[in-house]
Amino acid sequence: MSSAMAPLGRPKDRRPINVLWMTSGLGCDGDSLAMTAATSPSVEDLLRGCLPGMPPLILYNPVLAYENGEEFMRAWYEAAAGRLDPFILVLEGSVPNEDINGEGHWAGFGTDLDTGQPITTNAWLDQLAPKAAAVMALGTCAAYGGIPAMRNNPTGAMGLRDYLGWEWVSRLGIPIVNLPGCPVQPDNITETLLCLVLHLARMGPMPELDGQGRPRRIFDRTVHEICNRAGLAEHGQFSHGHGEGQCLVKLGCKGPVVKCNVPIRGWSNGVGGCPNVGGICMACTMPGFPDKYMPFMEPDITAKMYSRTARLARGPLVKYMRERRIRHTFDVEPSWRRRGSELTSGYRPL
């Protein structure tokens, strides 16, 4: 048995699994808010146990919690002391470089009970990551640094894997799970949390991750592959202005090079999502976002070449051949389906 499949206890462990969700990275709490729009499964499904036999899930999230102050922080102190087990550690927001913070700190969460001083996000990560059963970097900021890590930023911001190390694994041998998005698509959040909970309870496999630590099931295809406008691009039909309803590559859409499932999954309950409502893909799920994709509203040189080639050569040729085949083969009923004095379907009695 590999270390990633090591059990927490007996088969189908029913101990509650805690989720310690830190929103104290350099971020905007957008992923916490996005999760409230999830429907498959919803947050309520997770907390109530949407699958028979799944272990109870206890969520500690500062944005959604009723508790505050020391009452809320109690779970974090317990986890740091090794008395909260098992738990999944979730980071939302990028990790600052506290080695260059001068006389202050960039980001903190709660206070040290002995000194009364703020506890930095980095200090929590150093204490909790080694004790966690699994660790998730939620959102592009946590996964890769995102907007706070743009060129010329003063904080030295980075993604969680950059901070802990790209070869880092939890005490159960599970790599950091990167779930990028700005914010993350709601169902992607709850689905991945559910998969991790079921895996820790020995009720399901560990989600397969790609080279960037993303779940392959979610991020294995490009936006262009699953966009409902992809067929228009194949025929060389590109929008020159918003609202024309054709492929958006010439308006700056980065879909051909971006890994994201929003076009096929929608945003909430299967509805919405950037290209589905006429917006371009800005590449917010990618490691180089936003620097490598600016300016957002202008196509890069490869997109221009692609659109020109499709429009002038491949598109018209494919369209002509396909329409010809449709007209002469697929848009025609079989010859025997017509009135006549003889049976011409090829039927022969035994």
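See the structure printed just above.
Residues numbered from 1 in each chain as written. Predicted model: local features only at pLDDT ≥ 70, side-chain atom pairs only at ≥ 80, totals over all residues. Heavy atoms only, no water.

Caption draft 1: Inspection of the overall build of the protein chain at higher detail. In terms of helices and strands, the protein chain carries 12 helices and seven strands. Here the protein chain holds 350 residues, and the buried ones make up 45% of them. A sequence separation of at least 24 residues applies to 74% of the contacts in the protein chain between residues at least 6 apart. Of the roughly 18200 Å² of accessible surface on the protein chain, 53% is carried by carbon and sulfur atoms. (Helix = DSSP H or I, 4+ residues; strand = E, 2+ residues; numbered from the N terminus. Buried < 20%, exposed > 50% of the residue type's maximum accessible area, 1.4 Å probe, protein only. Contact = heavy atoms within 4.5 Å. Areas by Shrake-Rupley, 256 points an atom, 1.4 Å probe, with all protein chains shown as cover.)

Caption draft 2: Region of the structure containing the packing of helix 3 (residues 69-80) against helix 4 (residues 121-128). Put simply, helix 3 and helix 4 touch, their axes get as near as 9 Å, and they point 50 degrees apart. In this view, helix 3 runs oblique relative to helix 4, as classed from their interaxial angle. Note that helix 3 runs across helix 4; the crossing there is left-handed. Each of Met73, Trp76, Tyr77, Ala79 and Ala80 in helix 3 lies in contact with helix 4, whose residues at this interface are Trp124, Gln127 and Leu128. (Axes fitted to C-alpha atoms, helices over the stretch in contact; angles between N-to-C directions. Parallel < 35°, antiparallel > 145°, perpendicular 65-115°, else oblique. Left-handed = near helix turned anticlockwise from the far one by under 90°.)

Caption draft 3: Layout of unusual backbone geometry. Across the junction of Cys182 and Pro183, the peptide omega takes the value 0 degrees, indicating a cis bond. Position of Pro183 among the secondary structure elements: in the loop between strand 7 (177-179) and helix 7 (186-200). For the bond running from Met294 to Pro295, omega is -5 degrees, close enough to zero to count as cis. Examined against the element boundaries, Pro295 turns out to sit in the loop between helix 11 (262-265) and helix 12 (301-330).

Caption draft 4: Seen up close, the packing of aromatic side chains. Counting across every chain of the model gives seven aromatic pairs. Aromatic pair Phe72 and Phe109: ring centres 6.2 Å apart, planes at 75 degrees, arrangement edge-to-face. A residue pair is termed long-range when its members are at least 10 positions apart, and Phe72 in helix 3 and Phe109 in strand 4 (residues 108-111) qualify at 37 residues. Comparing Phe72 with Phe109 shows no difference in burial state: the two are buried. Taking the centre distance of 6.4 Å and the plane angle of 65 degrees together, the rings of Phe109 and Trp124 count as edge-to-face. (Phe/Tyr/Trp six-rings, centres within 6.5 Å; stacked < 30°, edge-to-face > 60°.)

Caption draft 5: A look at the side chain of Asn18. Following the sequence through the fold, Asn18 ends up in strand 1 (residues 17-22). Separated by 3.2 Å, the side chain of Asn18 and the backbone oxygen of Pro86 make a polar contact. For Asn18, the contacting residues outside a window of four places in its chain are Ile58, Tyr60, Leu84, Pro86, Phe87 and Ile88. (Polar contact = N/O pair within 3.5 Å; in protein donor to acceptor, adjacent residues only side chain to side chain.)

Caption draft 6: Spotlight on the layout of surface pockets. When its volume is computed, the largest pocket comes out at roughly 310 Å³. Taken together, 13 residues make up the lining of the largest pocket; nearest its centre are Leu59, Leu64, Ala65, Tyr66 and Glu67. In terms of residue count, the dominant contributor to the lining of the largest pocket is helix 3 (four residues). For the lining of the largest pocket, the residue count by class is nine nonpolar, one polar and three charged. Counted as a void, the second largest pocket has a volume near 240 Å³. Every residue lining the second largest pocket is counted, 22 residues in all, and those nearest its centre are Cys260, Val262, Cys274, Cys284 and Thr285. Of the residues belonging to the lining of the second largest pocket, the class tally is 17 nonpolar, five polar and no charged. (1 Å grid on protein atoms, 1.4 Å probe; cavity = no way out; pocket = protein on both sides within 12 Å on 5 of 7 lines; lining within 4 Å. Points joined across faces, edges and corners; volume = space filled by probe spheres on them. Nonpolar A, V, L, I, M, F, W, Y, C, P; charged D, E, K, R; others polar.)

Caption draft 7: Region of the structure containing the sheet that holds strand 3 (residues 87-92). Taken together, five strands build an open sheet; the order of strands is 2-1-3-6-7 and the sheet is parallel. Each edge of the open sheet is held by one strand with a lone partner, namely strand 2 (57-60) and strand 7. The average angle at which neighbouring strand axes cross in this sheet is 20 degrees, direction not considered. Sheet strands touched by helix 3: strand 1, strand 2 and strand 3. Its angle to strand 1, the strand with the most contacts, is close to 110 degrees. (Pairing = 2+ DSSP bridges.)

Caption draft 8: Summary view of the pattern of salt bridges. Throughout the structure, instances matching the rule amount to eight salt bridges. Its salt-bridge partner being Arg171, residue Asp85 comes within 2.4 Å of it at the nearest N-O pair. You can see Asp85 sitting in the loop between helix 3 and strand 3 and its partner Arg171 sitting in the loop between helix 6 (160-164) and strand 7, a full 86 residues away along the chain. Owing to a relative accessible area of 38%, Asp85 belongs among the partly exposed residues under this scheme. A salt bridge links Arg216 to Glu208; the shortest N-O distance between them is 3.2 Å. Residue classification places Arg216 among the partly exposed positions, given a relative accessible area of 31%. Connected via shared salt-bridge partners are Arg15, Asp85 and Arg171. (Salt bridge = Lys/Arg side-chain N within 4 Å of Asp/Glu carboxyl O.)

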